[in-house]
Structures are given as structure tokens and as C-alpha cells.
Amino acid sequence: MSPADPGAAEEPSAELYAVAPRLRALRRGVSLTLEAAARAAGLSPAHLSRLETGQRQPSLPMLLTLARVYGTTVSELLGEAVPERDAVVRAADMEPAPAGGWTYWQAGSAGRGMQALRVHVPYGSQGDIVRVHPGEEWLYVLQGRLSLRLGDTAHVLAPGDSAHFDSLTPHRIAAAEREGAELLFVHTLLQSPVAALCLGSAAGHPTSGETS
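What comes next concerns the included structure.

The subject of this paragraph is the pairing of strand β3 (residues 114-121). Every second residue of β3 is oriented toward a common face, the buried set being Q115, L117, V119 and V121 and the non-buried set M114, A116, R118 and H120. Two elements, strand β2 (residues 102-106) and β3, share four bridges in a ladder whose sense is antiparallel. In the strand pairing of β3, W105 is matched with R118. Pairing of β3 with strand β10 (residues 181-188) involves eight bridges; the strand directions are antiparallel. By the bridge assignment for β10, A116 is matched with V186.

Below, the structure is given as C-alpha cells:
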């Protein structure tokens, strides 16, 4: 798969300027050059450079990809101050974090083998992106209706419905209604070759790219 750099640059926000230097610092902390890190994440060096300078908004799956490359978690990439291995996460400590149009809240403690999130999926955001990567995922719909495609099978999940699947199964998640969907989401944090994480448009062949 060749590195992808889709889409036009978006107007940088204050949140992006806060995330960008952490991306650069974590890359340097594991002694990776821009070119080596980009290659491991399936990106072009120019695209990773734009992420590190706040000129491009990283999506949630791209943050997952970079977290695997750097041996860390999405919460550390975003600078979230969840106490290490604290068993309880208070609602007041859950700060919303935007990623690729989605909004999520850290719902579990750091430093664990799984990452738990509460996620808001807006209608039409990342709905054409196919995800393939090592690990397992579990999700539970809290509000709204969620469209979930696993391989060649399509499902519509209502509040109270859940799904648990192998992440190597090509999967696509989208809100089924304009009001969006709210869900609990748990995934395993596997230290596996990041090249195995393939993200791309459902209309074409999956590629290592920007959005999850």
C-alpha cells in the first residue's frame, strides 16, 4: 500500500495547536525521524509534518495509528490528565476531545491493555471509511441508531444493542440518523505492525490513510 495524503488542509484550531507539539515530542521521544514514523503509519512525510504543525486535523483512527507507532495511548497524544491506573474515572474529569469530526471522552484509566471511550458519531462523518487493524472492538449504543458494516454484512444498531468483533474484519461505523449516535467503545491496544492498519474509502480499496 502506498502512503496516502487525501483531502485539503483544514483551518487549524487551538486544540490542534495543542496536539501538534505532543505528536512531534512523542515521535522524537522514541527516536523516529519524520520519514520513519510516516512510513510506519502509512503516511507521507508531508502529511505527518502537517499533523505536527497543526495544519491538518488528525482523526481518531489516525491518532490510534500514531499511538501504536509511538507505544502510547490516544489520551497521552491529546494530553488528557487521567491519573495513571486509577480505577475510577469521574464524569467531571472526562473532557470532550474532537477527532476527525467525532467527539469522544476517555472512559477508562491509562496504561491498560484496553482503551474505553464514550463517543459521539455525527451524521455523515467518516461514514465511508473502512477500518482494518489488529485487535478486538466492543461497542454499545447509548443513543441514536448506528450503522455498522462487518465484512459484507450490514447492521443497524439501536440503543441497547452492542457488537463485539475482531478488528481484522473490515468494518465501517456511521450514524444512521441525522441526530447522530452516542456509544460506548472499547478496543484493545495491541503493539502490532502499524502497516496492518488499513483505512480507506468504502467505495474503493482500503489504503493506509488519514481517516478511521
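What follows continues from the structure just given.
The geometry of helix α3 (residues 45-52) relative to helix α4 (residues 60-70) is characterised by a closest axis approach of 13 Å and an angle of 100° between their N-to-C directions. Between α3 and α4, the angle falls in the class roughly perpendicular. From α3, L48, L51 and E52 reach across to α4, where they touch M62, L66 and Y70. Its residues assigned to classes, the contact of α3 with α4 comprises five nonpolar, no polar and one charged.

A few words on the sheet that holds β2. Taken in spatial order, the six strands make up an open sheet running β1-β2-β3-β10-β5-β8, and their pairing is antiparallel. What marks the edges here is a single partner per strand, and that holds for β1 (97-99) and β8 (162-166). Across the sheet, the axes of successive neighbouring strands diverge by a mean angle of 25°, strand direction being ignored. Direction of pairing for strand β5 (residues 136-143) relative to β8: antiparallel, over a ladder of five bridges. Following the sheet pairing, W138 is matched in β8 by H164. Strands β1, β2, β3 and β10 of the sheet are contacted by α4, whose axis makes an angle of about 15° with β10.

Counting 41 residues, the largest nonpolar core has L48, L66, Y104 and L139 as its most contacted members. Ranked by the residues each element gives to this core, the list is headed by α4, at eight residues. If near-sequence neighbours (up to four positions away) are discounted, L139 is found in contact with L146, L157, D161, S162, A163, F165, I173, L183, L184 and F185.

Okay, the environment of G144 next. Here G144 lies in the loop between β5 and β6 (146-150). Sequence separation of G144 and E179 is 35 residues, and the distance between their C-alpha atoms is 6.9 Å. Beyond its immediate chain neighbours, meaning those up to four positions away, G144 contacts L157, A158, P159, G180 and A181.

The phi torsion at S31 lies on the positive side, around 60°, for a residue other than glycine. Its location among the elements puts S31 in the loop between α1 (14-29) and α2 (34-41). The exposed category is assigned to S31, whose relative accessible area is 67%.

Cut-offs used in this document
Residues numbered from 1 in each chain as written. Predicted model: local features only at pLDDT ≥ 70, side-chain atom pairs only at ≥ 80, totals over all residues. Heavy atoms only, no water. Buried < 20%, exposed > 50% of the residue type's maximum accessible area, 1.4 Å probe, protein only. Helix = DSSP H or I, 4+ residues; strand = E, 2+ residues; numbered from the N terminus. Pairing = 2+ DSSP bridges. Axes fitted to C-alpha atoms, helices over the stretch in contact; angles between N-to-C directions. Parallel < 35°, antiparallel > 145°, perpendicular 65-115°, else oblique. Contact = heavy atoms within 4.5 Å. Nonpolar A, V, L, I, M, F, W, Y, C, P; charged D, E, K, R; others polar. Core = buried A, V, L, I, M, F, W, Y, C linked by side-chain atoms within 4.5 Å.

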